[in-house]
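Given next are the chains, with one letter for each unit.
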Amino acid sequence: MTGETSALQLVLTGDPGLYAIVGLSLLVSLSAVLCAALIGVPFGALLALTRFPGRAGVIVVLNALMGLPPVVAGLAIYLLLSRSGPLGSLGLLFTPQAMIIAQTLLVTPIIAALTRQTVEDLWAEYRDELAALDVGPIGRVATLVWDARFSLVTALLAGFGRAAAEVGAIIIVGGNIDGFTRTMTTAIALETSKGDLPLAIGLGLVLIAIIILINALAWGARRAGERYAG
Amino acid sequence: MRAPLADLPVVLANATVVAGAVTILDRVSLTFAAGPPTVLIGPNGAGKTTLLRAAMGLTRLTQGEITWGGRADAPPTRRAILFQLPVMLRRSAAANIDYALGMTDVPRTQRIDELLALVGLQGLGRRPARRLSGGEQQRLALARALARDPAILFLDEPTASLDPAATKAIEDIIRAVAARGVKVVMSTHDLGQARRLGGDIVLLHRGRLIEHGPAKDFFDSPRSDETRKFIAAELLV
Amino acid sequence: MLTQFNRRLLIAAAIGGAIAAGAPALAQDKSIVVASTTSTQDSGLFEYLLPLVKAKTGITVKVISQGTGQALDTGRRGDADVVFVHAKSAEEKFLAEGQGVKRYPVMYNDFVLIGPKSDPAGIKGMKDVGKALTAIMDKKADFISRGDKSGTHVAELALWKASGIDIEAAKGPWYKSIGQGMGAALNTAGAGNAYVLSDRGTWIHYKNKDQLAVLVEGDKRMFNQYGVMLVNPEKHPTVKKDLGQAFIDYLISPEGQKAIANYKINGEQLFYPNAEDRGA
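Student: How should I be thinking about the environment of lysine 117 of chain C in this particular structure?
Tutor: Residue and element names in this part refer to chain C. Mapped onto the fold, lysine 117 is located in the loop between strand S4 (100–116) and helix H6 (129–139). Once the C-alpha coordinates of lysine 117 and asparagine 193 are considered, the two residues, 76 residues apart in sequence, prove to be 8.6 Å apart. Among all residues touching lysine 117, those that are not within four sequence positions of it are Asp210, Gln211, Leu212 and Ala213. Within polar-contact distance, the side chain of lysine 117 engages the backbone oxygen of aspartate 210 at 3.2 Å.

Student: What is the right way to read the environment of aspartate 26 of chain B from this model?
Tutor: Residue and element names in this part refer to chain B. Mapped onto the fold, aspartate 26 is located in strand S2 (residues 22–32). Residues contacting aspartate 26, with those up to four places away along its chain left out, are Ala15, Thr16, Gly207 and Arg208. At 2.9 Å, the side chain of aspartate 26 forms a polar contact with the side chain of arginine 27.

Student: Is there a simple way to explain the packing of helix H2 (residues 16–49) of chain A against helix H7 (residues 149–165) of chain A in this structure?
Tutor: The packing of two helices is summarised by the inter-axis angle and the distance between the axes. Residue and element names in this part refer to chain A. At their nearest, the axes of H2 and H7 sit 9 Å apart, and the two run at 135° to each other. By the criterion of interaxial angle, the relationship of H2 to H7 is oblique. Every pair of crossing elements has a handedness; the one defined by H2 and H7 is right-handed. For the pair H2 and H7, contact is made by Leu26, Ser29, Leu30, Val33, Ala37 and Val41 and by Leu152, Leu156, Gly159, Phe160, Ala163 and Ala164, respectively. Tallied by class, residues from the contact of H2 with H7 come to 10 nonpolar, two polar and no charged.

Student: I'm lost on the sheet that holds strand S4 (residues 63–68) of chain B in this one. Help?
Tutor: Strand pairing in a sheet is mediated by backbone hydrogen bonds. Such pairs are either parallel or antiparallel. Residue and element names in this part refer to chain B. Taken in spatial order, the three strands line up as S2-S1-S4 in an open sheet, and their pairing is antiparallel. With one partner strand each, in any of the chains shown, S2 and S4 form the two edges of the open sheet. Adjacent strand axes in the sheet meet at a mean angle of 20° when their direction is disregarded. As paired strands, strand S1 (residues 10–19) and S2 are joined by seven bridges and run antiparallel to one another. Bridge assignment links leucine 12 to a residue of S2, and that residue is leucine 30. In the packing of helix H1 (residues 48–56) onto the sheet, contacts are made with S1, S2 and S4, and the angle to S2 comes to roughly 55°.

Student: So what exactly am I meant to see when it comes to a nonpolar patch on the surface here?
Tutor: Residue and element names in this part refer to chain A. A cluster of nonpolar side chains, Leu8, Val11, Leu12 and Tyr19, forms an exposed patch at the surface whose accessible area comes to about 430 Å². The greatest single-element share of the nonpolar patch, amounting to three residues, is contributed by helix H1 (residues 7–12). Structurally, the position occupied by leucine 12 is in helix H1.

Student: Please explain helix H4 (residues 134–146) of chain B as it appears in this structure.
Tutor: In an α-helix there are 3.6 residues to a turn, and that puts residues three or four apart on one side. Spanning 13 residues, H4 of chain B covers 18 Å between terminal C-alpha atoms, matching the ideal 18 Å at 1.5 Å per step. Taken across its 13 residues, H4 of chain B has 12 buried, putting it largely inside the fold. Turning to H4 of chain B, its buried residues are Gly135, Glu136, Gln137, Gln138, Arg139, Leu140, Ala141, Leu142, Ala143, Arg144, Ala145 and Leu146 of chain B. Lining the buried residues of H4 of chain B we find helix H5 (96–132) of chain A together with strand S5 (79–82), helix H2 (93–102), helix H3 (111–118), strand S6 (152–156) and helix H5 (164–179) of chain B.

Student: Explain the pattern of salt bridges here, please?
Tutor: Side-chain pairs of opposite charge can arise whenever the charged atoms involved come near each other. Scanning the entire structure with this criterion turns up 36 salt bridges over all chains. The partner of arginine 144 of chain B in a salt bridge is glutamate 129 of chain A, and the shortest N-O contact between them spans 3.2 Å. Of this pair, arginine 144 of chain B sits in helix H4 while glutamate 129 of chain A is found in helix H5, placing the two residues in two different chains. Like arginine 144 of chain B, the residue glutamate 129 of chain A is buried in the burial classification. Lysine 171 of chain C serves as the salt-bridge partner of glutamate 168 of chain C, at 3.5 Å between the closest nitrogen and oxygen. Linked through salt bridges whose partners overlap, the residues forming this network are Lys168, Glu171, Asp172, Arg175, Asp190 and Arg196 of chain B.

Rules and cut-offs
- Residues numbered from 1 in each chain as written.
- Chains lettered and ligands numbered in written order.
- Predicted model: local features only at pLDDT ≥ 70, side-chain atom pairs only at ≥ 80, totals over all residues.
- Heavy atoms only, no water.
- Helix = DSSP H or I, 4+ residues; strand = E, 2+ residues; numbered from the N terminus.
- Contact = heavy atoms within 4.5 Å.
- Polar contact = N/O pair within 3.5 Å; in protein donor to acceptor, adjacent residues only side chain to side chain.
- Axes fitted to C-alpha atoms, helices over the stretch in contact; angles between N-to-C directions.
- Parallel < 35°, antiparallel > 145°, perpendicular 65-115°, else oblique.
- Left-handed = near helix turned anticlockwise from the far one by under 90°.
- Nonpolar A, V, L, I, M, F, W, Y, C, P; charged D, E, K, R; others polar.
- Pairing = 2+ DSSP bridges.
- Patch = residues over 30% accessible without salt bridge, like charges linked within 9 Å, V, L, I, M, F, W, Y side chains within 5 Å.
- Areas by Shrake-Rupley, 256 points an atom, 1.4 Å probe, with all protein chains shown as cover.
- Salt bridge = Lys/Arg side-chain N within 4 Å of Asp/Glu carboxyl O.
- Expected span 1.5 Å × (residues − 1).
- Buried < 20%, exposed > 50% of the residue type's maximum accessible area, 1.4 Å probe, protein only.

See below:
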């Protein structure tokens, strides 16, 4: 991606560098959303169904963590994964895996907090029916998560939006290495610092287009699913 | 087959439920034994729903005791309840029944189709439950309750929001269910329905049991003034 | 229901697959991490040089571009195998701490004083950078400082000092420390009609010049030397010393030096190899 090129040219000519960057962006962000969902959905659902001292505090902290600054998350993971840090022996710093971990940290609170709200609302509706059916705690979580699945798509999309848009965390733990850990957002940051603003904004538009596409696919899937399952 | 009457009789002894300053159920003693349906009547706020929930085991008593087949801690495996506004799980009609089956150890093969047929919903199994009409949803909820193969079935105003045709459909199912030996306990505001379905009638008023007797005696020769007034007021409407 | 069970299995398999796909043998065998400066990255040198390194040595070089101070810290934490920076005093400190094995001079370019074409401080064409900086200070013309302990930032501070100015005492609202990379500093200067010190390589490669121009250049004190060091494997056992040294050896080999000299933008040479100058 050197010389006098525009983002449009890169898209139209199928520039392999651009496609690699787009692919890595999607791989990292979608993997992070997946990991965050595996953690955040059960956690949020459990939080919705349990009552314990300090629960309000946990909810407030969880909601606040939705605004966790990416650079702080990145720094925390950096210190954790650095060769001088506790998990340095894994050798994960400056790899896509490190970026997935950092974004998982960013996205999990979003998915958990939105899941908690959604499941708690549904719980109010289902409570009597599930009690009458003598459903145990694990069954309740599973039932509510499954029946809230279409609403939870929105939580996943919010998490994906966060992951796909952030640069602060992944540039620290990924290092923006050309061809290895460079994503759309870090490439945009780099082109901006090179003063190639037209390419930077062009890449930005490509990124926005991809995010819109993903959201459209999710919306379509949700609509189709609702039509099928009510 | 399991012992069909494991949860019977349901015995309420001085059942009292207090919420804050309000006594919702006031020292009610009542026995639901095998036999024709028991119908609860009484004005709004009489405590009918609370009585049904308490008998189901969903509402804790403030005082008094309930036993199911002689046990105070029987899990609700052989009893079921149909709420006034049943919640349709966000799944297909068949999956709603399957869900209730999954919570028991009833064999599932063919049971779904049988139950759908019993409530007249054959062929609608694949429909999303929330896309069914109000009457269909009520019947599906009934099928779901029956999926638990209950010895006793509680129904909270099962036809309150239904048109006459849908009401008749529900009543037919209730009769069929009762004929199979399931003890039905239901509340209603419809005295005609109470006459049509009730083996015995319970009148509640302000949380207290006013009168309990066989339907014929209850309507033809009521023993208390309140019962007479209630029947008269209802018949005047 | 069997179908539902199958669907769950499928979902589980998809999840497992996606996680596995997140780690597609990304651990390449012959690769090293080089912590370098924004100027080498933003000037485009690495994009040009790394394929040549790969072709010659088979080594995949992963460059983290940071300010010189941060790059040296990355080395200190053992997170890089090689550091390639441009602040001799900081590099010698790194060596003195035992963090590096040996410092090799690689190349130089020079710093240039950039400013708005309108030149409010009237420094255009000055041959003495000290006089130019004094003029900027006297006029309280806006000046953008990197402020990020980068090599350029260190060089800027040294130039103020060499001009007889105690910038810590003299700075005012006109002196803006932004704590960002070279490109960001140029963007900021361009947007605010301010002066800024840049390395020539980044400046030539910079695309958003607009109202900015080189106003002062050629003073010997604006000389910008790049050095490369292997991070000490005795302190950091994970350092890939053989591959790292092979990269360094290529940079200072005649072939590598020639390649550096050949990197040009619009016919303009950006870096001048000088590996044989042991004192550089």
